[in-house]
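Structural features, examined
Listed here are the chains, written in short residue letters.
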Amino acid sequence: MKVLINDKIVDREEASIDIEDRGYQFGDGVYEVVRLYNGQFFTFDEHIDRLYASAAKIDLVIPYPKDILKNLLKQLASENNIHTGNVYLQVTRGIQIPRNHVIPDDLPLEGVLTATAREVPRNEALFVTGGKAITDEDVRWLRCDIKSISLLGNIMSKNKAHREGALEAILHRGDTITECSASNVFIIKDGVLWTHSADNLILNGITRQVIIKAAGKGGIPVREANFTVSDLLAADEVFISSTTLEVTPITTVDDTVIGTGLRGPVTQKVHELFEAEIVAECGELLPV
Ligand code: PDD
């Protein structure tokens with residue numbers, strides 16, 4: 001397997017990171033996960049733009065212009081022969097010796113870019129059957145709009161879900177549902193799609209944005225407005241979205257069965273509209 005480290009593509013075994021990298025010591029960095037279909041990046045510009053936006057919000061300078069970064073990632077995907085898969089990339093603030101919380105302003109640090117590319121088929125069965133979610137208090141910081149590599153809060157919730165045999169943890173701050181540990185959440189009530197507004201309390205998922213646009217085109221009304229835990233439990237349908245999960249139905253939340261307990265018609269329609277966006281950008285989705 002080939003990986004990217006700064007502007008070099010090398011064998012995975014050859015890549016090494018300094019133990020005094022601020023990403024390693026402080027979780028000081030940002031990341032993206034981008035999906036490929038038919039060897040083509042989906043919503044590539046949107047992900048790259050969000051990476052640079054996340055970096056700008058923490059005053060981190062990405063060491064390459066966008067077009068160079070995109071070319072490096074394309075090369076990485078091609079050297080790993082990715083057809084349907086994920087590219088994970090992160091940029092940390094770089095090496096600082098000795099460890100110091102303060103970011104030096106007299107000595108600019110070189111950001112460290114790393115990326116991996118893996119073949120990961122679409123989980124079509126999951127997209128139909130969906131799964132269970134738990135609810136969990138959202139204990140993360142108040143800048144969830146930044147796609148930071150510091151993910152302890154997310155990890156604790158995801159692992160709690162995993163231990164309880166659930167796919168995801170749907171997070172709430174007090175009574176308000178925000179998002180999930182690694183995805184966004186939508187509910188459907190009386191034919192209307194609801195999801196938390198894109199503010200500092202959620203990551204504005206690229207999948208979320210594509211869904212909102214595609215639903216609009218498909219005549220499904222969308223409300224980007226807050227809803228409560230009770231609204232979630234009383235929803236007709238619930239689904240979660242992310243680059244890897246696309247549109248995945250949630251059929252049980254804690255002990256409450258949602259709607260009929262099966263993927264609902266609006267969720268199915270939303271997924272079809274989402275797939276049409278993939279096809280328009282990356283070509284037909286044929287079984288691999
Ligand atoms: N997670 N919210 C959170 C907290 C996330 O971690 C993610 C994605 C999303 C959905 O964003 P997008 O649609 O752009 O993938 C929302 C990625 C996939 C991950 O950490 O693996």
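If you're wondering where the values come from, they're calculated on a predicted model, not measured in any experiment.

Overview of unusual backbone geometry
Between isoleucine 97 and the following residue, proline 98, the backbone shows a cis peptide bond with an omega angle of -5 degrees. The residue proline 98 is located in the loop between strand 5 (85–92) and strand 6 (112–119) in this model. Non-glycine residue asparagine 6 carries a positive phi angle of around 55 degrees. With respect to the helices and strands, asparagine 6 occurs in the loop between strand 1 (2–5) and strand 2 (8–11). Even without being a glycine, asparagine 38 presents a positive backbone phi close to 50 degrees. One can find asparagine 38 in the loop between strand 3 (29–37) and strand 4 (40–41). By relative accessible area, asparagine 38 is classed as partly exposed at 26%.

Here we look at the sheet that holds strand 1
Reading across from one edge, 2-1-6-5-3-4 is the order of the six strands in this open sheet, with antiparallel pairing throughout. With partners counted over all chains shown, the strands left at the sheet margins are strand 2 and strand 4, one partner each. The pairing of strand 1 with strand 2 spans four bridges and is antiparallel. Its bridge partner lying in strand 2, lysine 2 is registered against aspartate 11.

Considering the site of the ligand
Not every one of the 20 residues close to the ligand is listed here, only the nearest: Tyr31, Glu179, Ile206, Thr207 and Thr243. Arginine 50 is positioned with one of its side-chain polar atoms (N or O) 2.9 Å from an oxygen atom of the ligand. Lysine 147 places a side-chain nitrogen or oxygen 3.4 Å from a nitrogen atom of the ligand. Here the ligand has 480 Å² of accessible area as a free molecule, and 88% of this is covered by the chains. At the level of elements, strand 3, helix 2 (44–57), strand 9 (176–180), helix 6 (206–217) and strand 13 (237–242) are the ones that each hand at least two residues to the shell around the ligand.

What to know about the domain arrangement of the chain
When its domains are assigned, the chain resolves into domain 1 (2–119) and domain 2 (124–282). Taken over C-alpha atoms, the centre of domain 1 sits 26 Å from the centre of domain 2. Across the boundary between the two partners, domain 1 contributes 28 residues, which contact 21 residues of domain 2. Of all residues in domain 1, the largest losses of buried area upon contact with domain 2 belong to Tyr31, Phe42 and Arg50, amounting jointly to 33% of the total for that side. Seen at the junction of domain 1 and domain 2, the total is one salt bridge. The residue lysine 57 makes a salt bridge to aspartate 145 at a minimum N-O spacing of 2.9 Å. The tally of links between domain 1 and domain 2 comes to nine residue pairs in polar contact (both at pLDDT 80 or more). At the level of elements, helix 1 (22–26), strand 3, strand 4, helix 2 and strand 5 are the ones that each hand at least two residues to the side of domain 1 that touches domain 2. Residues belonging to the side of domain 1 that touches domain 2 are distributed by class as follows: eleven nonpolar, eleven polar and six charged.

Parameters at a glance
Residues numbered from 1 in each chain as written. Predicted model: local features only at pLDDT ≥ 70, side-chain atom pairs only at ≥ 80, totals over all residues. Heavy atoms only, no water. Helix = DSSP H or I, 4+ residues; strand = E, 2+ residues; numbered from the N terminus. Buried < 20%, exposed > 50% of the residue type's maximum accessible area, 1.4 Å probe, protein only. Pairing = 2+ DSSP bridges. Near = heavy atom within 4 Å. Polar contact = N/O pair within 3.5 Å; in protein donor to acceptor, adjacent residues only side chain to side chain. Areas by Shrake-Rupley, 256 points an atom, 1.4 Å probe, with all protein chains shown as cover. Domains from an automatic or database assignment. Contact = heavy atoms within 4.5 Å. Buried area = accessible area lost by both parts, 1.4 Å probe. Salt bridge = Lys/Arg side-chain N within 4 Å of Asp/Glu carboxyl O. Nonpolar A, V, L, I, M, F, W, Y, C, P; charged D, E, K, R; others polar.

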